[in-house]
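# Inside the fold
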Amino acid sequence: MFPQDRRGDAGPLSGVRVLDLSAYIAGPYGCTLLADQGADVIKVEPPGGDNLRNYPSTLEAESRAFLGVNRSKRGVVLDLKREDERAVLYRMLREADVLVHNFRPGVPERLGIGYETLSALHPRLVYCAVTGYGETGPMKDKAGYDQVLQTMTGMCAMQGKRGGPPELIYGSVVDYYAAALLAAGVASALYERERSGQGQYVGVSLLRAALTMQSARMIWARGEGHDISRDMRSGGVTGIHPTREGYLYLSANTPRFWRALCEKTGLAELADDPRLDTVRKRASHADEIVPRLRQALQAHTALEWEQIFGDEVPCAAARQVEDMFDHPQVLAEGLIAELPHPVLGSYRGVAWPIRFGRTPGPEPFAAPTLGQHTGEVLAATAGDDPDPAA
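This structure is a prediction, so every number in the text was calculated from the model and none was measured.

### Description of the environment of Tyr24
Relative to the elements of secondary structure, Tyr24 occurs in the loop between strand S1 (17-20) and helix H1 (26-36). For Tyr24 and Val148, which are 124 residues apart along the polypeptide, the C-alpha to C-alpha distance reads 14 Å. A polar atom in the side chain of Tyr24 sits 3.1 Å from the side chain of Asn51.

### Digging into the sheet that holds S1
Two modes of strand pairing occur in sheets, parallel and antiparallel, and in both the strands are linked by backbone hydrogen bonds. Reading across the sheet, the six strands line up as S3-S2-S1-S4-S5-S6 and stay open at both edges, with parallel pairing between neighbours. Of all strands in the sheet, those bounded by a partner on one side alone are strand S3 (73-77) and strand S6 (201-205). Looking at each pair of strands side by side, their axes are set apart by 20 degrees on average, direction ignored. As defined by bridge partners, strand S5 (residues 126-131) adjoins S6 across five bridges and the pair is classed as parallel. In the sheet register, Thr131 faces S6, and the bridge partner there is Ser205. Against the sheet, H1 touches S1, strand S2 (40-45), S3, strand S4 (98-101) and S5, its axis set at about 165 degrees to S1. Each of S2 and S3 touches helix H16 (residues 374-381); the most contacted strand, S3, lies at about 80 degrees to it.

### Focus: the side chain of Arg53
With respect to the element layout, Arg53 can be found in the loop between S2 and helix H2 (64-69). Residue Arg53 is classed as buried on the basis of its relative accessible area of 17%. Not counting residues up to four positions away in its chain, the partners in contact with Arg53 are Glu45, Glu62, Ser63, Phe66, Pro368, Thr369 and Leu370.

### Overview of the pairing of strand S10 (residues 336-341)
Every other side chain in a regular strand lies on the same face of the sheet, so the side chains alternate between the two faces. Burial along S10 is one-sided: Ala337, Leu339 and His341 are buried, while Ile336, Glu338 and Pro340, pointing the other way, are not. Bridge count for S10 against strand S11 (residues 345-350) is six bridges, and the pairing is antiparallel. Each bridged residue has a counterpart across the sheet, and for Pro340 the counterpart in S11 is Ser346. The loop that links S10 with its antiparallel partner S11 comprises three residues.

### Topic: the pairing of S3
Counting buried positions along S3 gives four out of five residues, so the element sits mostly inside the fold. With five bridges joining them, S2 and S3 adopt parallel strand pairing. Within the sheet, the bridge partner assigned to Val41 lies in S3 and is Lys73.

### Topic: the environment of Ser57
Secondary-structure assignment places Ser57 in the loop between S2 and H2. C-alpha separation for the pair Ser57 and Ser14, spaced 43 residues apart in sequence, amounts to 33 Å. Setting aside chain neighbours within four positions, we find Ser57 in contact with Glu62, Ser63 and Arg64. A polar atom in the side chain of Ser57 sits 3.2 Å from the backbone oxygen of Glu62. Looking at Ser57, its side chain comes within polar contact range of the main-chain nitrogen of Arg64, at 3.1 Å.

Parameters at a glance
Residues numbered from 1 in each chain as written. Predicted model: local features only at pLDDT ≥ 70, side-chain atom pairs only at ≥ 80, totals over all residues. Heavy atoms only, no water. Helix = DSSP H or I, 4+ residues; strand = E, 2+ residues; numbered from the N terminus. Polar contact = N/O pair within 3.5 Å; in protein donor to acceptor, adjacent residues only side chain to side chain. Pairing = 2+ DSSP bridges. Axes fitted to C-alpha atoms, helices over the stretch in contact; angles between N-to-C directions. Contact = heavy atoms within 4.5 Å. Buried < 20%, exposed > 50% of the residue type's maximum accessible area, 1.4 Å probe, protein only.

Printed below as a string of structure tokens:
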């Protein structure tokens with residue numbers, strides 16, 4: 001077994017070894033979620049590295065995106081186009097439980113790491129492929145990217161203002177949701193393997209992720225028209241509003257929250273108006289309600305309104321992401337860790353996205369520099385027969 005360079009408590013996936021051959025966000029972050037739960041994840045990169053390392057970053061020596069997506073992994077460089085280095089991967093596979101990649105269809109077969117080949121050699125292997133559009137159909141060979149799928153699947157059209165142009169949702173939401181599906185799918189396959197003794201193929205696609213994220217919109221009842229409203233926004237009352245200083249998000253969809261909102265903004269007469277006693281009715285009168293609400297919100301700043309509304313009206317002042325590093329709730333939850341790094345010295349980043357009571361998992365560590373653990377991992381595999389069929 002390769003050494004487990006993990007400190008702290010065992011996680012629910014301790015003892016599971018994952019070979020992460022993927023790049024960008026969806027595959028790598030899915031593997032990071034497995035590492036958070038105790039899996040020993042080895043990131044296998046080509047000589048040029050994961051292309052996410054080259055993304056724009058205000059960090060001179062490292063990519064902020066790469067660091068955020070690849071914590072708690074050991075890093076190895078292998079050129080899988082070379083037979084001798086592919087043999088190293090075959091040796092690593094003998095002690096691996098999971099392999100994850102996001103190669104386009106056909107590439108794994110050319111490299112000798114297709115599902116049929118590896119499952120025959122390692123029947124217990126959980127083999128996860130992340131694709132853009134899935135394994136079948138006319139688009140299966142196309143490369144898929146987060147914002148391409150956003151645009152294709154209607155997310156951008158729904159995100160934009162009514163009657164306005166489509167708008168992208170920044171933050172790679174499709175990639176990150178696909179990562180969550182990856183972690184869930186792999187964990188389920190590992191659980192099933194305990195019963196059957198057999199690994200299996202796990203397919204995750206950005207198309208499936210983008211449509212699954214819109215499950216509440218993706219409903220078409222028999223007999224209704226095709227081009228119908230699928231907008232789930234609550235008529236403008238629930239949403240982001242300007243205040244005297246800053247912006248505030250409000251949610252007032254229940255009778256209790258609606259009444260509290262009206263009373264605390266000095267609009268108590270609206271709470272008892274029978275024309276406005278349901279979300280649907282308020283949506284139909286948004287042109288009347290929203291201007292009055294926004295005028296009332298000018299009495300205080302967004303942060304002041306947070307205090308005024310307290311627990312009676314769900315709300316949040318619009319903050320910058322950097323404000324989250326020291327937010328009291330984030331600190332109380334222990335969601336930020338200080339991670340030592342050989343180039344940066346250290347950096348603060350997100351950790352422990354899932355909480356387990358009995359098996360909390362090991363401490364996180366920094367994303368690897370390119371090939372940081374190649375010598376360590378190769379030394380652990382030295383001397384084995386390089387023939388994958390042996």
